[in-house]
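Listed below, chain by chain, are the residues.
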Amino acid sequence: GEVISDNENNLERHFENKKFDYIVIGEPINLYNDPIRMIKSTYTLLDKEGQLIVSLKNTKSIVTILNMMGYKIGSMGIYQDISFDNLNIILNGNGIRIRSVAIEKYENISDDAMALAENMVEKYANKSLDISEIKARIYADRFWLVIKK
């Protein structure tokens with residue numbers, strides 16, 4: 001198939017008469033100036049059964065807390081602070097549904113930092129919530145989202 005790449009500001013103009021089976025946004029969506037507009041714009045370019053694949057950098061991860069505590073675990077970069085839940089609510093309000101989610105976990109967390117994180121979750125997490133769900137979310141580096149027409 002054909003592979004096309006373009007700037008976020010040119011999508012609607014360059015491809016207004018084209019429809020795609022698949023669109024992959026390579027960088028995390030919250031790295032763009034207007035992530036919601038970016039998703040909405042690319043969503044309109046999907047064929048009737050098309051799929052949009054995007055990632056969302058987790059700005060609510062344990063790495064943020066560990067870095068604040070002096071552990072140097074990579075660079076967070078400059079990402080817009082959008083949680084998975086908030087993105088999902090905004091997209092649903094625009095008639096766009098996330099069909100599946102995969103989690104890419106951090107891999108470079110030292111054993112002592114991980115032990116500290118585990119202790120924090122066990123000690124401070126709201127006990128009425130699913131602890132395994134909390135751990136999956138805070139250990140996630142990125143959420144990979146599949147959005148289907």
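Just so we're clear, the structure is a prediction, and the values are computed from it rather than from any experiment.

Cut-offs and rules
- Residues numbered from 1 in each chain as written.
- Predicted model: local features only at pLDDT ≥ 70, side-chain atom pairs only at ≥ 80, totals over all residues.
- Heavy atoms only, no water.
- Pairing = 2+ DSSP bridges.
- Helix = DSSP H or I, 4+ residues; strand = E, 2+ residues; numbered from the N terminus.
- Axes fitted to C-alpha atoms, helices over the stretch in contact; angles between N-to-C directions.
- Buried < 20%, exposed > 50% of the residue type's maximum accessible area, 1.4 Å probe, protein only.
- Arc of directions from axis to C-beta.
- Contact = heavy atoms within 4.5 Å.

## With respect to the sheet that holds strand 3 (residues 98-105)
The strands making up a sheet associate through backbone hydrogen bonding, with each pair oriented either parallel or antiparallel.
Turning to step 1, where the next piece is worked out: Read from one edge to the other, the open sheet built from four strands follows the order 1-2-4-3, with strand pairing classed as mixed. Both edges of this open sheet fall to strand 1 (20-24) and strand 3, since each of them pairs with a single strand only. Sheet twist, expressed as the average angle between the axes of neighbouring strands with direction ignored, equals 10°.
Turning to step 2, where the next piece is worked out: Here strand 3 pairs with strand 4 (residues 140-148) via seven bridges, running antiparallel. Within strand 4, the position partnered with Ile103 by the bridge is Phe143.

## Quick look at helix 4 (residues 84-93)
Turning to step 1, where the next piece is worked out: Taken residue by residue, helix 4 has Phe84, Leu87 and Leu91 as its buried positions. Mapping the buried residues of helix 4 onto a view down its axis gives an arc of 65°, with all of them on the same face. Exposed side chains of helix 4 directed beyond 90 degrees from the buried face belong to Ile89 and Gly93.
Turning to step 2, where the next piece is worked out: Buried residues along helix 4 sit in contact with helix 2 (35-44), strand 2 (46-57), strand 3, helix 6 (131-138) and strand 4.
Turning to step 3, where the next piece is worked out: Two residues or fewer past helix 4, Gly95 is found with a positive phi of approximately 75°.

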